Amino acid sequence: MVGTMTSGAWATMLGAVTGLALALAFGEPDGAGASARNDRTVSDMAARVTVVPSAAYALTPEYRLSRNVIEEINTLRADPAAYARHLEDYRSYFVGDSVYLPGETPYMTVEGVSAVDEAIADLRSRQPMRPFRPEGILDWAASDHVFDQGPRGGRGHFGSNGRGPTERAANRGYRDGVAENISYGMTDARAVVIQLLVDDSARTRAHRHLLFSDRFASVGAGCGGHRSYGSMCVIDFGI
């Protein structure tokens, strides 16, 4: 489902559940079940972010990951053809539909290398695009969803109060429309972006297309623990 260049980064991806790379539809029911380790991770993260915004939160791994995700997206947009080499590296670890990362337990994908090949061809055909502008309000809107959904182990774009991305952003003071990508199970920025680019099992490749949208100008991200999948990153795009 995902890939990155180093064995250390590869190891961050293995918390993903087979066949569930992303939230593919709005309003999906909450997931169930979790390990005690993930419960503790989510609780620790929640405790840290109750005091945000603060200098302390800016030092957390979750905050650094959210910044790295935005930087990685803008690196992708700056030169999509060059970014294809990261997908080529990921492809080299496939055997059939399974991915065998060095020293790690293999996992199954839905589409196998065909989805990776299609993504590589797509990136090679794309022209450079302007970067997204980081937007602090969208950071907090994205983080709101992480802190609501992560402890519950849910998935999808609607929170426990029924609010979607645009409503969440409006609650933070953002007055324009918002679109959203969500990655589950990844704790490495490149792995997050590759997951969204390959979009395994999502035939419309909507998550990839949003990364290359020219309708949206700004971006915010929030990352944290997830009860069922270990981690999640929410990426909100604003007009």
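The paragraphs below set out a description of the structure included in this document. (Residues numbered from 1 in each chain as written. Predicted model: local features only at pLDDT ≥ 70, side-chain atom pairs only at ≥ 80, totals over all residues. Heavy atoms only, no water.)

Regarding the overall build of the chain
Note the cut-off: The numbering of helices and of strands both runs from the N terminus, where a helix is a DSSP run of H or I of at least 4 residues and a strand a run of E of at least 2. The rule is simple: take the accessible area with a 1.4 Å probe, protein chains only, and divide by the maximum for that residue type; under 20% is buried, over 50% is exposed, in between is partly exposed. Contact criterion: two residues are considered in contact whenever any of their non-hydrogen atoms come within 4.5 Å of each other. For accessible areas, the Shrake-Rupley method is used with a probe of radius 1.4 Å. Any residue's cover is judged against the shown protein chains and nothing else.
Counting secondary structure elements, the chain contains 9 helices and 7 strands. In the chain, buried positions account for 50% of the 239 residues. In the chain, once contacts between residues fewer than 6 apart in sequence are set aside, the share between residues at least 24 apart is 74%. Summed over all atoms, the accessible surface of the chain reaches about 10,000 Å², with 53% contributed by carbon and sulfur.

Section: helix 8 (residues 189–198)
Note the threshold: A 3.5 Å cut-off defines polar contacts: any pair of N or O atoms within that distance qualifies, except that in protein one atom must be a possible hydrogen donor and the other a possible acceptor, and neighbouring residues in sequence count only when both atoms are side-chain atoms.
Summarising burial for helix 8: 10 of the 10 residues are buried, a large majority. Among the residues making up helix 8, those that are buried are Ala 189, Arg 190, Ala 191, Val 192, Val 193, Ile 194, Gln 195, Leu 196, Leu 197 and Val 198. Where the residues of helix 8 are buried, they touch helix 3 (61–78), helix 4 (80–91), helix 5 (113–125), strand 5 (178–184), helix 9 (206–211) and strand 7 (230–238). For helix 8, the side-chain oxygen to backbone nitrogen distance between the N-cap and Arg 190 is 3.2 Å, and the N-cap itself is Asp 188. Remark: Asp 199 follows helix 8 within two positions and exhibits a positive phi of approximately 55 degrees.

Details of unusual backbone geometry
Its identity is not glycine, yet Ser 201 carries a phi of approximately 80 degrees, on the positive side. Assignment of secondary structure puts Ser 201 in the loop between helix 8 and helix 9.

As for the sheet that holds strand 5
Put simply, the test is: The pairing criterion for strands is at least two bridges between them, as found by DSSP. For helices, the fitted line uses only the C-alpha atoms of the stretch in contact; every axis is such a line through C-alpha atoms, and the angle between N-to-C directions lies from 0 to 180 degrees.
If you trace the 4 strands from one edge of the open sheet to the other, you get 4-6-7-5, paired in mixed fashion. This sheet does not close on itself; its edge strands, each paired only once, are strand 4 (133–134) and strand 5. Pairing of strand 6 (residues 218–226) with strand 7 involves 9 bridges; the strand directions are antiparallel. Residue pairing across strands places Gly 220 opposite Asp 236, the latter belonging to strand 7. The strands that helix 6 (residues 136–149) touches are strand 4, strand 5, strand 6 and strand 7; relative to strand 6, the one it contacts most, it runs at about 25 degrees. Strand contacts of helix 8: strand 5 and strand 7, with the helix running at about 110 degrees to strand 5, the strand carrying the most contacts.

Describing the packing of helix 4 against helix 8
We apply this condition: Small angles under 35 degrees read as roughly parallel and large ones over 145 as roughly antiparallel, with 65 to 115 read as roughly perpendicular and the rest as oblique. Ten residues, namely Ala, Val, Leu, Ile, Met, Phe, Trp, Tyr, Cys and Pro, are considered nonpolar, four, namely Asp, Glu, Lys and Arg, are considered charged, and the remaining ones, Gly among them, are considered polar.
Running from N to C, helix 4 and helix 8 cross one another at 90 degrees; their axes reach a closest spacing of 11 Å. On the basis of their axis angle, the class for helix 4 and helix 8 is roughly perpendicular. For the pair helix 4 and helix 8, contact is made by Tyr 83, His 86, Leu 87 and Tyr 90 and by Arg 190, Val 193, Ile 194, Leu 197 and Val 198, respectively. In the contact of helix 4 with helix 8, the residues fall into 7 nonpolar, 1 polar and 1 charged.

Let's talk about the packing of aromatic side chains
Defined as follows: Two rings from Phe, Tyr or Trp (for Trp, the six-membered ring) form a pair when their centres sit within 6.5 Å of each other. Planes less than 30 degrees apart are called stacked, planes more than 60 degrees apart edge-to-face, and all others tilted. Geometrically, a charge over a ring is one whose NZ (Lys) or CZ (Arg) sits within 6 Å of the ring centre while staying within 35 degrees of the ring normal.
For the coordinates displayed, the defined rule picks out 3 aromatic pairs. Here Arg 77 stacks its cationic end above the ring of Phe 132, 3.8 Å away from the centre of that ring.

A few points about the pattern of salt bridges
The condition that has to hold: Salt bridge, as applied in this entry: a Lys or Arg side-chain nitrogen positioned within 4 Å of an Asp or Glu carboxyl oxygen.
Going through the model one piece at a time under the given rule, you end up with 14 salt bridges. Among the ionic pairs, Arg 152 bridges to Asp 148, the shortest N-O distance being 3.2 Å. Residue class for Arg 152 comes out partly exposed when judged on its relative accessible area of 26%. Of the charged contacts in the structure, one is a salt bridge between Arg 168 and Glu 180, with a shortest N-O distance of 3.0 Å. Of this pair, Arg 168 sits in helix 7 (residues 165–171) while Glu 180 is found in strand 5, placing the two residues 12 residues apart along the sequence.

Overview of the pairing of strand 6
Counting buried positions over the 9 residues of strand 6 gives 9, a clear majority of the element. When strand 4 meets strand 6, the two strands line up parallel, connected through 2 bridges. Counted as the bridge partner of Pro 134 is Val 219 from strand 6. Where strand 6 folds back onto strand 7 in an antiparallel hairpin, the turn is made up of 3 residues.

Here we look at the nonpolar core
Across soluble globular proteins, nonpolar side chains show a tendency to be buried alongside one another. To keep things clear, this is the line we draw: Definition of nonpolar core: a set of buried residues of the types Ala, Val, Leu, Ile, Met, Phe, Trp, Tyr and Cys, connected through side-chain atoms within 4.5 Å.
Counting residues in hydrophobic clusters, the biggest one holds 39 residues, and the most contacted among them are Val 69, Leu 87, Leu 197 and Ile 235. For this core, the secondary structure elements donating two or more residues are helix 3, helix 4, helix 5, helix 8, helix 9, strand 6 and strand 7. Broken down by element, the residue count for this core peaks at 8 residues, all from helix 8. Discounting chain neighbours no more than four positions away, the residues touching Val 69 are Ala 189, Val 192, Val 193, Cys 223, Cys 233 and Ile 235. Core analysis: the next-biggest nonpolar cluster, separate from the first, contains 7 residues, Ala 142, Val 146, Ile 182 and Val 234 among them.

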